[in-house]
Amino acid sequence: MNPANKRESPATILVVEDEPRLVRLIETLLSSIGHRVVVANDGQTAVEQAAVESPDLIILDLLLPGSLDGFEVCQRIRGFSSTPIIMLTARAREPDKLKGFALGADDYITKPFSAKELLARVNAVMKRTRGSDQSSGRIEIDELIINQATYTVSISGEDIQLTPTEYRLLLTLARRPNQVVTHAELLTEVWGSDYRDELSYLRTYIRYLRNKIEPNPSRPRFIKTRNGIGYFLATQET
Ligand code: CA
């Protein structure tokens, strides 16, 4: 396959939603641009379908019938898959969004949404996540190693478990070691351009990352702060 066409290639999208009207709407929209749509009406089915179908993207409603809500579905899927997940919900509360991101969601759409918004988010998430697939190299910053082919991170040979969002944040910093990456650049790269002003997301995730990779998170050795501007990943010499 020509790599230039890769981004446009049809994807399998798992839609997890119990409202028939909404399922039909999303299905029609996504099929109209050539994607294959698989539907799950409850959380249990969603987890099974995510494993069986290996979708390229999952659109996941938060409020579902049965014993598993969207948060739990997200958490379970993240146990075996890094497929991008867009959460869909009537709730627009900040704690819900942060909880969703913490469990590994890649983006968030609040109901009611327009066809245009849904398609824009789907395209943006797929572009972001497929874009990072294309680089398969290894980045070494002293004892920190990022293997882009396997999405794994280790420090001094010890594996570090990162969520997809934490991974993308670290990767964005690691691609330009010792150079300050601005708040807006990081937010745009990791969450998308709609989130370029959401400083609280960035601060929260920098804290999560430091807790996982820094020997002493209160005196960071890797992720340094440039107050009011951004962050950078420091090599030993600096
Ligand atoms: Ca629902």
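About the cut-offs
- Residues numbered from 1 in each chain as written.
- Predicted model: local features only at pLDDT ≥ 70, side-chain atom pairs only at ≥ 80, totals over all residues.
- Heavy atoms only, no water.
- Helix = DSSP H or I, 4+ residues; strand = E, 2+ residues; numbered from the N terminus.
- Rg over C-alpha atoms; globule rule 2.2 N^0.38 Å.
- Buried < 20%, exposed > 50% of the residue type's maximum accessible area, 1.4 Å probe, protein only.
- Contact = heavy atoms within 4.5 Å.
- Expected span 1.5 Å × (residues − 1).
- Core = buried A, V, L, I, M, F, W, Y, C linked by side-chain atoms within 4.5 Å.
- Domains from an automatic or database assignment.
- Phe/Tyr/Trp six-rings, centres within 6.5 Å; stacked < 30°, edge-to-face > 60°.
- Lys NZ or Arg CZ within 6 Å of the ring centre and 35° of its normal.
- Axes fitted to C-alpha atoms, helices over the stretch in contact; angles between N-to-C directions.
- Parallel < 35°, antiparallel > 145°, perpendicular 65-115°, else oblique.
- Left-handed = near helix turned anticlockwise from the far one by under 90°.
- Nonpolar A, V, L, I, M, F, W, Y, C, P; charged D, E, K, R; others polar.
- Pairing = 2+ DSSP bridges.
- Donors = N, O, S within 2.8 Å, 3.2 Å for Na, K, Ca; no water.
- Buried area = accessible area lost by both parts, 1.4 Å probe.
- Salt bridge = Lys/Arg side-chain N within 4 Å of Asp/Glu carboxyl O.
- Polar contact = N/O pair within 3.5 Å; in protein donor to acceptor, adjacent residues only side chain to side chain.

**Student:** Quick rundown of the overall build of the protein chain? Include the residues and the values.
**Tutor:** Scanning the protein chain for helices and strands turns up nine helices and twelve strands. Over its C-alpha atoms the protein chain spans a radius of gyration of 18 Å, differing by no more than 12% from the 18 Å that the globule rule assigns to 238 residues. With the C-alpha coordinates aligned to their principal axes, the bounding extent of the protein chain is approximately 60 × 40 × 30 Å. In the protein chain, which comprises 238 residues, the proportion classed as buried is 49%. Restricting to contacts in the protein chain with at least 6 residues of sequence separation, those with at least 24 account for 58%.

**Student:** So, helix H9 (residues 199–213): which residues are in play, and what are the values?
**Tutor:** An α-helical turn contains 3.6 residues, so a residue and the one three or four places further along point in the same direction. Under the 1.5 Å per step criterion, the end-to-end length of H9 is 21 Å for 15 residues, consistent within 8% with the ideal 21 Å. Among the residues of H9, those classed as buried are Tyr201, Leu202, Thr204, Tyr205, Ile206, Leu209, Arg210 and Ile213.

**Student:** Describe in detail the nonpolar core, supporting the description with residues and values.
**Tutor:** Counting residues in hydrophobic clusters, the biggest one holds 52 residues, and the most contacted among them are Leu60, Met87, Leu170, Trp191, Ile223 and Leu233. Each of domain 1 (12–129) and domain 2 (138–233) accounts for three or more of the residues forming this core. The next biggest cluster of nonpolar side chains, apart from the first, holds 19 residues, and it includes Ala11, Leu22, Ile86 and Met126.

**Student:** Which residues make up the packing of aromatic side chains, and what values go with them?
**Tutor:** This structure, assessed with the given rule, holds eight aromatic pairs. Taking 6.3 Å as the distance between ring centres and 85° as the angle between the ring planes, the aromatic pair formed by Phe101 and Trp191 counts as edge-to-face. In this pair, Phe101 is assigned in helix H5 (residues 94–102) and Trp191 in the loop between helix H8 (183–190) and H9, connecting sequence segments 90 residues apart. Members of the aromatic cluster, joined through ring pairs, are Phe101, Trp191, Tyr195, Tyr201, Tyr205 and Tyr208. One cation-aromatic arrangement involves Arg221 over Phe222; the distance from NZ or CZ to the ring centre is 4.0 Å.

**Student:** Let's hear about the packing of helix H7 (residues 164–174) against H8: which residues, and what values?
**Tutor:** The axes of two packed helices give the description: the angle between them and the distance between them. At a minimum axis distance of 10 Å, the contact between H7 and H8 shows a crossing angle of 130°. As judged from the angle between their axes, H7 and H8 are oblique. In terms of crossing hand, the pair formed by H7 and H8 is right-handed. Contacts between H7 and H8 involve Thr165, Arg168, Leu169, Thr172 and Leu173 on the former and, on the latter, Leu186, Glu189 and Val190. Residue composition of the contact of H7 with H8, by class: four nonpolar, two polar and two charged.

**Student:** Give a detailed account of the sheet that holds strand E8 (residues 152–155), specifying residues and quantitative values.
**Tutor:** The four strands are arranged E6-E7-E8-E9 in an open sheet whose pairing can be described as antiparallel. Strand pairing shows two members of the sheet lacking a second neighbour, strand E6 (138–141) and strand E9 (158–160), which therefore form its edges. Strand after strand, the sheet turns through a mean of 25° between neighbouring axes, direction not considered. Along the sheet, H7 makes contact with E6, strand E7 (144–147) and E8, crossing E7 at roughly 110°.

**Student:** If you had to explain the coordination of the calcium ion to someone new, which residues and values would you point to?
**Tutor:** Those protein atoms acting as donors to the calcium ion are Glu17 (OE), Asp18 (OD), Asp61 (OD) and Leu63 (O), and they sit at 2.0 to 3.2 Å. Among the residues examined, Glu17 registers a relative accessible area of 0% and is labelled buried. The partly exposed category is assigned to Asp18, whose relative accessible area is 33%.

**Student:** Can you tell me about the domain arrangement of the protein chain, naming the residues and giving the values?
**Tutor:** Split by domain assignment, the protein chain resolves into domain 1 (12–129) and domain 2 (138–233). Put simply, the middle of domain 1 and the middle of domain 2, counted by C-alpha atoms, are 25 Å apart. Contact residues are listed per partner, giving 14 residues for domain 1 and 17 residues for domain 2. In total, about 1,200 Å² of surface goes out of reach between domain 1 and domain 2, with carbon and sulfur atoms giving 47% of it. Sorting the residues of domain 1 by area buried against domain 2 places Leu98, Phe101 and Arg128 first, and these three jointly supply 43% of that buried surface. Here domain 1 and domain 2 share two salt bridges between them. Asp106 serves as the salt-bridge partner of Arg168, at 3.2 Å between the closest nitrogen and oxygen. Linking domain 1 to domain 2 there are five residue pairs in polar contact (both at pLDDT 80 or more).

**Student:** How would you summarise the pattern of salt bridges if you had to cite specific residues and measurements?
**Tutor:** Per the counting criterion, the structure on display carries 15 salt bridges. A salt bridge links Glu185 to Arg176; its shortest N-O distance comes to 3.2 Å. Given a relative accessible area of 34%, Glu185 falls into the partly exposed group. Residue class for Arg176 comes out partly exposed when judged on its relative accessible area of 28%. Counted as one network, the salt bridges with shared partners bring together Glu17, Glu19, Arg21, Asp61 and Lys111.

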